[in-house]
Amino acid sequence: MSEKVVIKVNDNGSYRITGDVELVDAEGNVFETKKSFSLCRCGQSAIKPFCDGTHRKIGFDSAPRAE
Ligand code: FES
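Residues numbered from 1 in each chain as written. Predicted model: local features only at pLDDT ≥ 70, side-chain atom pairs only at ≥ 80, totals over all residues. Heavy atoms only, no water.

**Student:** Just to check I follow, could you spell out the packing of aromatic side chains for this structure?
**Tutor:** Two aromatic rings are characterised by how far apart their centres lie and by the angle between their planes. Taken as a whole and assessed by the stated rule, the structure comprises two aromatic pairs. With a centroid separation of 5.8 Å and 90 degrees between ring planes, the pair formed by Phe31 and Phe50 is classed as edge-to-face. Taken as a pair, Phe31 in the loop between β2 (15-18) and β3 (36-39) and Phe50 in the loop between β3 and α1 (54-58) lie far apart in primary sequence, 19 residues in all. Given a relative accessible area of 28%, Phe31 falls into the partly exposed group. Centre to centre, the rings of Phe37 and Phe50 are 6.0 Å apart; their planes meet at 70 degrees, and the pair counts as edge-to-face. Taken together, the residues span a long stretch of sequence, with Phe37 in strand β3 and Phe50 in the loop between β3 and α1 at a distance of 13 residues. Of the two residues, Phe37 and Phe50, both sit in the buried class. Cluster of aromatic residues (ring-pair linked, three or more members): Phe31, Phe37 and Phe50. Positioned over the ring face of Tyr15 is Arg41, at 5.7 Å from the centre of the ring. (Phe/Tyr/Trp six-rings, centres within 6.5 Å; stacked < 30°, edge-to-face > 60°. Helix = DSSP H or I, 4+ residues; strand = E, 2+ residues; numbered from the N terminus. Buried < 20%, exposed > 50% of the residue type's maximum accessible area, 1.4 Å probe, protein only. Lys NZ or Arg CZ within 6 Å of the ring centre and 35° of its normal.)

Next up, the structure:
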């Protein structure tokens, strides 16, 4: 049985992905990732699809909650 993947929506920041997951581009090519990594949610990272911390500099403001 595989480990459950968790995607956490960080307040004012990235998506944090933890677990056994494969991240691919539009052509199916696999990005090299670690067991836990962050994806950009603000759209301003210089290393998309990964987060580079730019969300802090631009004051990204988003803290959604699940109902
Ligand atoms: S969410 Fe971190 S750089 Fe976009």
